[in-house]
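# Descriptive structure summary
Chain by chain, the residues:
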Amino acid sequence: MNIINLTLTLIIAILGGYLADKKKVPAAYMLGALFLVAIFNIVFNRAFLPNYFKFITQIATGTFIGSKFRSEDVKMLKKVIIPGMTMVVLMIAFSFLLSYLMSTFLGIDTLTSFFATAPGGIMDISLIAYDFKANTSQVALLQLIRLISVIAFVPFFTKKCYERNKKRIISFEQEIKNEIKEEEKIESKKEKSLFFTIIIGIIGGIIGYYSKIPAGTMSCSMALVAYFNVKTQKAYMPLPLRKVIQSFGGALIGARVTLSDVIALKNLIFPIILIIVGFCLMNVLVGFFLYKTTKFSLPTALLSASPGGMSDISLMAEDLGANGPQVASMQFLRAIFIVGVYPIIIKILFA
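Figured I'd write up the structure that's included with this text. (Residues numbered from 1 in each chain as written. Predicted model: local features only at pLDDT ≥ 70, side-chain atom pairs only at ≥ 80, totals over all residues. Heavy atoms only, no water.)

### So, the environment of Lys347
Tracing the backbone shows Lys347 in helix 16 (residues 324-349). According to the relative accessible area criterion, Lys347 is exposed, its value standing at 58%. Distance from Lys347 to Phe132, taken between C-alpha atoms, is 8.5 Å for residues 215 residues apart in sequence. (Helix = DSSP H or I, 4+ residues; strand = E, 2+ residues; numbered from the N terminus. Buried < 20%, exposed > 50% of the residue type's maximum accessible area, 1.4 Å probe, protein only.)

### Description of helix 2 (residues 28-44)
Its 17 residues give helix 2 an end-to-end C-alpha distance of 23 Å, which sits within 8% of 24 Å, the value for a rise of 1.5 Å per residue. All buried positions along helix 2 are accounted for by Ala28, Tyr29, Met30, Leu31, Gly32, Ala33, Leu34, Val37, Ala38, Phe40 and Asn41. Positive phi shows up at Asn45, right after helix 2, with a value of about 55°. (Expected span 1.5 Å × (residues − 1).)

### Considering the nonpolar core
In terms of nonpolar packing, the biggest core is built from 51 residues, with Met87, Met102, Ile151, Ile253, Leu303 and Met316 touching the most fellow members. Ranked by the residues each element gives to this core, the list is headed by helix 7 (residues 136-165), at 9 residues. The contact partners of Leu303, leaving out residues within four places of it in the chain, are Val154, Ile313, Met316, Ala317, Leu320, Ala322, Val327 and Gln331. (Core = buried A, V, L, I, M, F, W, Y, C linked by side-chain atoms within 4.5 Å. Contact = heavy atoms within 4.5 Å.)

### With respect to the packing of aromatic side chains
Remark: the centre distance and the inter-plane angle together describe each pair of aromatic rings, the angle taken between the planes. Under the defined criterion, the tally for this structure stands at 12 aromatic pairs. Both rings, one in Phe55 and one in Tyr209, keep their centres 5.5 Å apart while their planes meet at 75°; by these two values the pair is edge-to-face. Of this pair, Phe55 sits in helix 3 (residues 51-66) while Tyr209 sits in helix 9 (residues 194-211); the two residues are 154 residues apart in sequence, bridging distant segments of the chain. Judged by centre distance (5.7 Å) and plane angle (75°), the ring pair of Phe195 and Phe196 falls under edge-to-face. Judged by its relative accessible area of 55%, Phe195 is exposed. Aromatic ring contacts, followed pair by pair, group Phe153, Phe157, Phe288 and Tyr291 into a single cluster. (Phe/Tyr/Trp six-rings, centres within 6.5 Å; stacked < 30°, edge-to-face > 60°.)

### Structural notes on the environment of Leu281
Tracing the backbone through its elements, the reader meets Leu281 in helix 13 (residues 269-293). Sequence spacing of Leu281 and Phe94 is 187 residues, and the spatial spacing of their C-alpha atoms is 9.6 Å.

Function cannot be inferred from these measures alone, as they are strictly geometric.
Pasting the structure below:
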């Protein structure tokens, strides 16, 4: 039965991505898969992706991004630290404001509201909330809403900003297609290194998984492949694979949405509205701050400041005209510091 459900889920995910791509939806394969798999699970309760799919998706994402790193990107990483720290401080301050509003005016207890508005990973934040004895079901549901709303909002807003700031007549979609064709011309010469790239990515992912570093699976895979590419210029991942990875990433989120989640929404209408508006506003304000204070392009700044999933946002980067390595580096800093620093702050406040 699980094999059948798994097959159905993957088919629906790819179909959702394909249909969204036909409709010219930004980050189509991720958003299309997310919403079609979510609908499938709400209606039939049969969406199924085993835990190792998350592991596979994270390794694939890290490997893909790592294969794009060049020596110039490594030099850039040193310049990302200060903007990254600034971004994290702004995000924490904004999330504390949202938690204050939620606990003061919307009836959610203070501890739960702090975790519900944390701009970190759903699994990480939910587990930490459990340790602190917060209401984990509310935290997980509101975190899921945060993730879906940000992933749905970011591509459309980034696309509009990108097009508005472009002086050329060429369309957004055509420009991205031209960039992909250029990359394919270059990368077609490197097919023999695909095997080594995948092996190195898997080794990095395994190291990251057992290291227990936040977002370690993707980060270590990305770092090891990036090192390989900087040293040899031979790392290679086929561009069509990005669509498959995006479909898996969207399906992983969509499969979490159940009928009980939808029913539970009626008791959290106002907190949900606050989460959606608050996090989208956070994304815009912090993104434009980065854009004005760094040399990041506008798409890169907006995606760097997106409080979504690290792998999900990083996968969108190249589709939206952003610098993939810069976005991944900023997202990694967010994941590390939010998961590492946020619980310490909460512990001090509630000691």
